[in-house]
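# Observations on chain architecture
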Amino acid sequence: MAEQEFVVTPWEVRGEVDYGKLIRQFGVSPLTQELIDKIAAKAGYLHPFLKRGLFFAHRELDLWLKSYESGVNVVLYTGRGPSGKTHIGHLTPWMFTKYLQDAFNATLYFQLTDDEKFLIHPEHSLSEVESFAYDNLLDIIAIGFKPEKTKIFVNTGYAKTLYKIAIQVAKHVTVSTAKATFGFTDSSNIGILFFPAMQAAPCFLPQELEGKDTHVLIPCAIDQDPYWRIARDVAPKLGYRKPAGIFSRFIPGLGRGAKMSSSIPETSIFTDDKPEDIDRKIWNAFTGGQPTIKEQREKGGNPDICSVYQYYYYLFEFDDAKVKEIYENCRSGTLICGDCKRKLAEIVKKFMAEHQRKREKAKDLIDKYLIRD
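Residues numbered from 1 in each chain as written. Predicted model: local features only at pLDDT ≥ 70, side-chain atom pairs only at ≥ 80, totals over all residues. Heavy atoms only, no water.

### As for the overall build of the protein chain
- Helix and strand content of the protein chain: 18 helices and nine strands.
- For 373 residues, the compact-globule estimate of 2.2 N^0.38 gives 21 Å, and the C-alpha radius of gyration of the protein chain, at 21 Å, lies within 12% of that figure.
- Expressed as lengths along the three principal axes of its C-alpha atoms, the size of the protein chain is roughly 65 × 50 × 45 Å.
- Across the 373 residues of the protein chain, 52% fall into the buried class.
- Between the centroid of the 50 positive side chains of the protein chain and the centroid of its 48 negative side chains there is a distance of 2 Å. (Helix = DSSP H or I, 4+ residues; strand = E, 2+ residues; numbered from the N terminus. Rg over C-alpha atoms; globule rule 2.2 N^0.38 Å. Buried < 20%, exposed > 50% of the residue type's maximum accessible area, 1.4 Å probe, protein only. Lys, Arg positive; Asp, Glu negative; His and termini not counted. Charge placed at Lys NZ, Arg CZ, Asp CG, Glu CD.)

In structure tokens form, the structure reads like this:
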């Protein structure tokens, strides 16, 4: 593959991502075993997302852990750009954020950027993205965050508070910096030029609200890192600590090579999918299997390129012995793709049925989580 064939920005992920190269491009640090062990020791167990390398890089996580150990107030901040329905790829960073919240008993600030999605999606009205935000809110609550330690806000409903911080950020960010960081051009609307200040604002929101020294950690997918570069550059000028980050890989779609994306619905599993939708999507998934059962038995398959195996490995089979068995049986031809898909579909349907139950219950819990101006 040519070196430039993948693209990772806050608005587009294209091609087969080389994560080693991405670490160098973004200037983040690989997640070390020492840092993983420190988190696991505090949590009481090693999260499978750490063990399997789904979370793979960081910015100054070591300093955030030192802040925690020295008694500095530590908080978490993550978010969601509500451009449509929630899929499994969106859930995974939130599930890991809950692990961190439980481990460190940290307050979580969760931003829903309806303003951003309105500004970059000309096909959506403001009312549509606001509707997406409140629908996504149910999925966030269903993850099980502590209501007493979680503050969720929709930007257009919390703009009065955020704007006072955002203009302080914006004052220190030039148009040339914004263009260089995000790829804005002269044809970009002026709203999206300002938006990075709104996404940086929650990095300093806990300090403003609580009036004390605070260190923020941002768990998110690696494509969102450019926003935190802006926040980190500005932080010392505002008298705050630089936010730290811990970053995940992208959950693959059920097609070949690409991440799960709402724009390719047949390769994405959404939180409102019915059992028959899940069956169909997984049955049609790209695998590393041979064209026929006979050839599979004779030659074996290639789990390294198989989207179905990736779902076992990263999301749904955390027993090392079992995942090794799946891998080796695929390689040897003992396991055929139909059986592998059928088993995964049952696991995913069970997972989604439980999430949908919690999502329905979340409708009665919104006021415990949502903060407004």
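Still to come is the rest of the account.
### Focus on the packing of aromatic side chains
- By the definition in use, this model includes 21 aromatic pairs.
- Between Tyr 19 and Phe 250 the ring centres are 6.2 Å apart and the planes differ by 40°, which places this aromatic pair in the tilted class. Of this pair, Tyr 19 sits in helix H1 (residues 19-26) while Phe 250 sits in the loop between strand E9 (244-248) and helix H13 (275-283); the two residues are 231 residues apart in sequence, bridging distant segments of the chain. Across this residue pair, the class does not change: Tyr 19 and Phe 250 are buried.
- Centroid distance Tyr 163 to Phe 194: 6.1 Å. Interplanar angle 45°. Geometry classified as tilted. Taken together, the positions of Tyr 163 in helix H8 (residues 159-170) and Phe 194 in helix H10 (residues 190-200) put the pair 31 residues apart, joining distant regions of the chain.
- Pairwise contacts between aromatic rings join Tyr 77, Phe 182, Phe 184, Phe 195, Tyr 227 and Trp 228 into one cluster.
- The ring of Tyr 313 carries the charged tip of Arg 52 above its face, separated from the ring centre by 5.0 Å. (Phe/Tyr/Trp six-rings, centres within 6.5 Å; stacked < 30°, edge-to-face > 60°. Lys NZ or Arg CZ within 6 Å of the ring centre and 35° of its normal.)

### Regarding the sheet that holds strand E7 (residues 150-154)
- Taken together, seven strands build an open sheet; the order of strands is E3-E4-E9-E8-E5-E6-E7 and the sheet is mixed. Single-partner strands in this sheet number two, and they are strand E3 (29-30) and E7.
- Two strands pair when backbone bridges link them, and strand E6 (residues 107-112) and E7 are joined in this way by five bridges, in the parallel orientation. Pairing of Leu 112 across the sheet is with Val 154, part of E7. (Pairing = 2+ DSSP bridges.)

### Digging into unusual backbone geometry
- Even without a glycine there, the phi angle at Glu 60 is positive, about 55°.
- Mapped onto the elements of the fold, Glu 60 is located in the loop between strand E4 (55-59) and helix H4 (61-69).
- The phi dihedral of Asn 105 is positive, around 50°, even though this residue is not glycine.
- When you line up the elements, Asn 105 lands in the loop between helix H5 (88-104) and E6.
- Residue classification places Asn 105 among the partly exposed positions, given a relative accessible area of 45%.

### Digging into the pairing of strand E5 (residues 73-80)
- Burial runs high along E5: six of the eight residues are buried.
- Looking at chain direction, E5 and strand E8 (residues 214-221) are connected through four bridges and run parallel. The residue bridging Val 75 from the neighbouring strand is Val 216, located in E8.
- Where E5 meets E6, six bridges bridge the pair, whose relative direction is parallel. Within E6, the residue paired with Arg 80 across the bridge is Leu 112.
- What joins E5 to E6 is H5, and the crossover it makes is right-handed. (Right-handed = clockwise from strand over helix to strand, strands pointing away.)

### Quick notes on the pattern of salt bridges
- If you walk through the whole model with that rule in mind, you get 26 salt bridges.
- Arg 280 is paired through a salt bridge with Asp 277; the nearest N and O atoms lie 3.3 Å apart. One end of the pair, Arg 280, and the other, Asp 277, are both in helix H13, three residues apart, so they sit about a helical turn from each other.
- Note on Asp 277: relative accessible area 18%, which makes it buried. (Salt bridge = Lys/Arg side-chain N within 4 Å of Asp/Glu carboxyl O.)

### A short note on the pairing of E6
- Among the six residues of E6, six are classified as buried, and the element is accordingly described as predominantly covered.
- Across the two faces of E6 the burial is the same, with Thr 107, Tyr 109 and Gln 111 and Leu 108, Phe 110 and Leu 112 all buried.

### Some remarks on the packing of helix H7 (residues 126-142) against helix H17 (residues 337-362)
- Here H7 crosses H17 at 115°, and the two axes come no closer than 8 Å. Classified by the angle their axes make, H7 and H17 are roughly perpendicular. Crossing angle aside, the handedness with which H7 passes H17 is right-handed. From H7, Asp 135, Leu 138, Asp 139, Ile 141 and Ala 142 reach across to H17, where they touch His 355, Lys 358, Arg 359 and Ala 362.
- Residue composition of the contact of H7 with H17, grouped by class: four nonpolar, one polar and four charged. (Axes fitted to C-alpha atoms, helices over the stretch in contact; angles between N-to-C directions. Parallel < 35°, antiparallel > 145°, perpendicular 65-115°, else oblique. Left-handed = near helix turned anticlockwise from the far one by under 90°. Contact = heavy atoms within 4.5 Å. Nonpolar A, V, L, I, M, F, W, Y, C, P; charged D, E, K, R; others polar.)

### Quick word on H13
- Turning to H13, its buried residues number three or more, namely Asp 277, Ile 278, Lys 281 and Ile 282. In an axial view of H13, the angular spread of the buried residues amounts to 120°, which keeps them on one side of the axis.
- Where H13 is buried, its residues contact H17. (Arc of directions from axis to C-beta.)

### Let's talk about the domain arrangement of the protein chain
- The domain boundaries assigned to the protein chain delineate domain 1 (7-251) and domain 2 (265-360).
- Once you take the C-alpha centre of each, domain 1 and domain 2 turn out to be 30 Å apart.
- In this complex, domain 1 contributes 20 residues to the contact, which on the side of domain 2 involves 22 residues.
- Buried surface at the junction of domain 1 and domain 2, both sides included, amounts to about 1,800 Å², of which 62% is carbon and sulfur.
- Where domain 1 touches domain 2, the interface holds five salt bridges.
- The shortest N-O distance in the salt bridge between Arg 359 and Asp 135 comes to 2.7 Å.
- For the interface between domain 1 and domain 2, the tally reads eleven residue pairs in polar contact (both at pLDDT 80 or more).
- When contributions to the side of domain 1 that touches domain 2 are tallied by element, the ones reaching two or more residues are helix H3 (48-51), H5 and H7.
- Along the lines of polarity and charge, the residues of the side of domain 1 that touches domain 2 split into ten nonpolar, four polar and six charged. (Domains from an automatic or database assignment. Buried area = accessible area lost by both parts, 1.4 Å probe. Polar contact = N/O pair within 3.5 Å; in protein donor to acceptor, adjacent residues only side chain to side chain.)

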